[in-house]
Every structure is written in C-alpha cells, then in structure tokens.
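This is what each chain is made of:
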Amino acid sequence: MTISKKDRFRAAFSGKTYEVACRWGTSLVLAPVDDNDDTCLVYETGEVEEMIATGRLIPEGGVKL
C-alpha cells in the first residue's frame, strides 16, 4: 500500500477529513483540512494502514491504495 502526500482520509471516529501533510521519520503527519482546526494526527505508517483496513480511516477523493 502506498500512501502519498496530499492523500485524504475521513476519520470514522470524528467525521473530520485529514490530508497527509508530510512524513516525520517513519510516521505520517495527517493535517486537518478544516482551517479552523489545527490539531494534527501522527501515526506510524503501519498504524495508518491498519486503520484503513479496519475502517477507522476512510480514503477520500481517488486515493489509490
């Protein structure tokens, strides 16, 4: 599975949409799309893949996994 910068995901736990902003070491930084929200999420790549597989993160807008 390849997750790239600018890929978007909706978080099932909050309904918020996040975009992959960058990598930080082996982690992915997910930034909220909403300009009024400044709380980013940081997860290891494997954690993001697991969250996608279990439906906790839902790919949006043509994300190719």
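Our structure is the block above this text.
Now for a look at the structure at hand.

Each value, and the rule that gives it
- Residues numbered from 1 in each chain as written.
- Predicted model: local features only at pLDDT ≥ 70, side-chain atom pairs only at ≥ 80, totals over all residues.
- Heavy atoms only, no water.
- Helix = DSSP H or I, 4+ residues; strand = E, 2+ residues; numbered from the N terminus.
- Rg over C-alpha atoms; globule rule 2.2 N^0.38 Å.
- Buried < 20%, exposed > 50% of the residue type's maximum accessible area, 1.4 Å probe, protein only.
- Lys, Arg positive; Asp, Glu negative; His and termini not counted.
- Charge placed at Lys NZ, Arg CZ, Asp CG, Glu CD.
- Core = buried A, V, L, I, M, F, W, Y, C linked by side-chain atoms within 4.5 Å.
- Contact = heavy atoms within 4.5 Å.

Thoughts on the overall build of the protein
Part 1 of the reasoning: Per the secondary structure count, the protein includes 1 helix and 5 strands.
Part 2 of the reasoning: Counting helices and strands in the order they occur from the N terminus, the protein gives β-β-β-β-α-β.
Part 3 of the reasoning: For the protein, the C-alpha radius of gyration of 11 Å lies close to 11 Å, the compact-globule estimate for 65 residues.
Part 4 of the reasoning: Counting across all 65 residues of the protein, residues that qualify as buried make up 29%.
Part 5 of the reasoning: Of the side-chain charges in the protein, 8 are positive and 11 negative, and the distance between the mean point of each set is 5 Å.

Focus: the nonpolar core
Part 1 of the reasoning: By size, the foremost hydrophobic cluster in this structure holds 13 residues, and its most contacted members are Ile 3, Phe 9, Val 20, Leu 30, Val 48, Ile 52 and Leu 57.
Part 2 of the reasoning: Breaking this core down by element, the ones donating at least two residues are strand 1 (8–11), strand 2 (17–24), strand 3 (27–32) and helix 1 (45–53).
Part 3 of the reasoning: At 3 residues, helix 1 tops the list of elements feeding residues into this core.
Part 4 of the reasoning: Leaving out residues up to four positions away in the same chain, Leu 57 has contacts with Phe 9, Arg 10, Ala 11, Leu 30, Val 48, Met 51 and Ile 52.

Coordinates in, geometry out; function isn't part of it.
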